[in-house]
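Survey of secondary and tertiary structure
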Amino acid sequence: MGYVDSFFFSSPSQVVFCLVGMLKDLSFFTNTGITLLETLASFLLVLAISMFCATLLWRSQRCSEVLEPYLVVLNSLPKSALAPLFIVWLGAGINTIIVAGISVAVFGSIINLYTGFRQVDEEKIKLIYTLGGGKRDAFFKVVLPGSVPTILSNMKVNIGLALVGVIIGEFLAARRGLGYLIIYGSQVLKRRMEMTKRNILS
């Protein structure tokens, strides 16, 4: 009826036709699979790095006092602003995209896990020490089992953040993936708008 400009908003049927075309040439599966693979790699690396760093901070009071302020500052940085730096350091490729995915989630994950480790019942830790155990025993028998809910909730958040970071990385340094498709679509729209403007002016 002319109420919606099809130049900016495609009709549902056109969206379906585009999706069917991408399914037929397998480009949908290819780009989605690449993004999921990069997201999974980023997620697993975030989990490993954050567990290692949070454990280190829990074991060493001096490290926690020195590094915790830096982690808070790094966590507050806009992660999208770091992506161009990653391209300069690592080049345009999958490494940059995975690191971008890691950067979005890792600092907050370390802080959350470290906070969860510190909130474990101190009386249980004292009992381990009283019975002759060391920090290793306290960590594996009290802190780690008591932090399972924190670790699982942290993983739920991290998988979404890793996907966001990967998409940001694909915006700048990818030739495949969902982020690349988004940028490609916006560039096509921009060209169409420029061509329409020229036609109107001429």
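See the structure printed just above.
Now for a description of the structure that goes with this document.

Conventions and cut-offs
Residues numbered from 1 in each chain as written. Predicted model: local features only at pLDDT ≥ 70, side-chain atom pairs only at ≥ 80, totals over all residues. Heavy atoms only, no water. Helix = DSSP H or I, 4+ residues; strand = E, 2+ residues; numbered from the N terminus. Buried < 20%, exposed > 50% of the residue type's maximum accessible area, 1.4 Å probe, protein only. Polar contact = N/O pair within 3.5 Å; in protein donor to acceptor, adjacent residues only side chain to side chain. Contact = heavy atoms within 4.5 Å. Patch = residues over 30% accessible without salt bridge, like charges linked within 9 Å, V, L, I, M, F, W, Y side chains within 5 Å. Areas by Shrake-Rupley, 256 points an atom, 1.4 Å probe, with all protein chains shown as cover. Salt bridge = Lys/Arg side-chain N within 4 Å of Asp/Glu carboxyl O. Core = buried A, V, L, I, M, F, W, Y, C linked by side-chain atoms within 4.5 Å. Arc of directions from axis to C-beta. Axes fitted to C-alpha atoms, helices over the stretch in contact; angles between N-to-C directions. Parallel < 35°, antiparallel > 145°, perpendicular 65-115°, else oblique. Left-handed = near helix turned anticlockwise from the far one by under 90°. Nonpolar A, V, L, I, M, F, W, Y, C, P; charged D, E, K, R; others polar.

Quick look at the side chain of S103
Topologically, S103 is positioned in helix α5 (residues 94-118). S103 sits in the buried class, given a relative accessible area of 7%. Engagement of the side chain of S103 in a polar contact is seen with the backbone oxygen of A100, the distance being 2.8 Å. If sequence neighbours within four positions are ignored, S103 has contacts with K79 and F86.

Looking at a nonpolar patch on the surface
A grouping of L19, L23, L26, F28 and F29 is seen on the molecular surface, where their side chains present a nonpolar patch of about 430 Å² in accessible area. For the nonpolar patch, the secondary-structure elements that each account for two or more residues are α1 (12-24) and α2 (27-59). Inspection of the secondary structure assignment puts L26 in the loop between α1 and α2. Exposure remark for L26: the relative accessible area of 48% places this residue in the partly exposed category.

A few points about the environment of F107
Assignment of secondary structure puts F107 in helix α5. Along the backbone, F107 and V73 are 34 residues apart, and their C-alpha atoms lie at a distance of 9.2 Å. Not counting residues within four places of it along the chain, the set of residues in contact with F107 comprises L71, L74, N75 and K79.

With respect to the nonpolar core
Counting residues in each nonpolar core, the largest one holds 24 residues, and the members touching the most others are W58, L71, V106, F117, I125 and V143. Of all the elements in the fold, those that place two or more residues in this core are α2, α5, α6 (122-130) and α7 (135-146). Ranked by residue count, the leading element in this core is α5, at ten residues. Those residues in contact with F117 that sit more than four places away from it in its chain are M51, A54, T55, W58, F139, V143 and S147.

Description of α7
Residues separated by three or four positions in an α-helix point in the same direction, a consequence of the helix having 3.6 residues per turn. Buried residues of α7: A138, F139, V142 and V143, and no others. Buried residues of α7 fall within an arc of 130° about the axis and therefore sit on the same side. Facing away from the buried surface of α7 by more than 90 degrees, the exposed residues are R136 and K141. Of the surrounding elements, those touching the buried residues of α7 are α2, α5 and α6.

What about the packing of α2 against helix α8 (residues 148-173)?
At a minimum axis separation of 8 Å, α2 and α8 run at an interaxial angle of 130°. Of the possible angle classes, the one that applies to α2 and α8 is oblique. Of the two elements, α2 crosses α8, and the hand of that crossing is right-handed. Across from I34, T35, E38, T39, S42, F43, V46, L47 and M51 in α2, the residues of α8 making contact are I151, M155, N158, I159, A162, L163, V166, I167 and E170. Taken together, the residues of the contact of α2 with α8 break down into twelve nonpolar, four polar and two charged.

Such coordinate-based values are descriptive only and should not be taken to indicate function.
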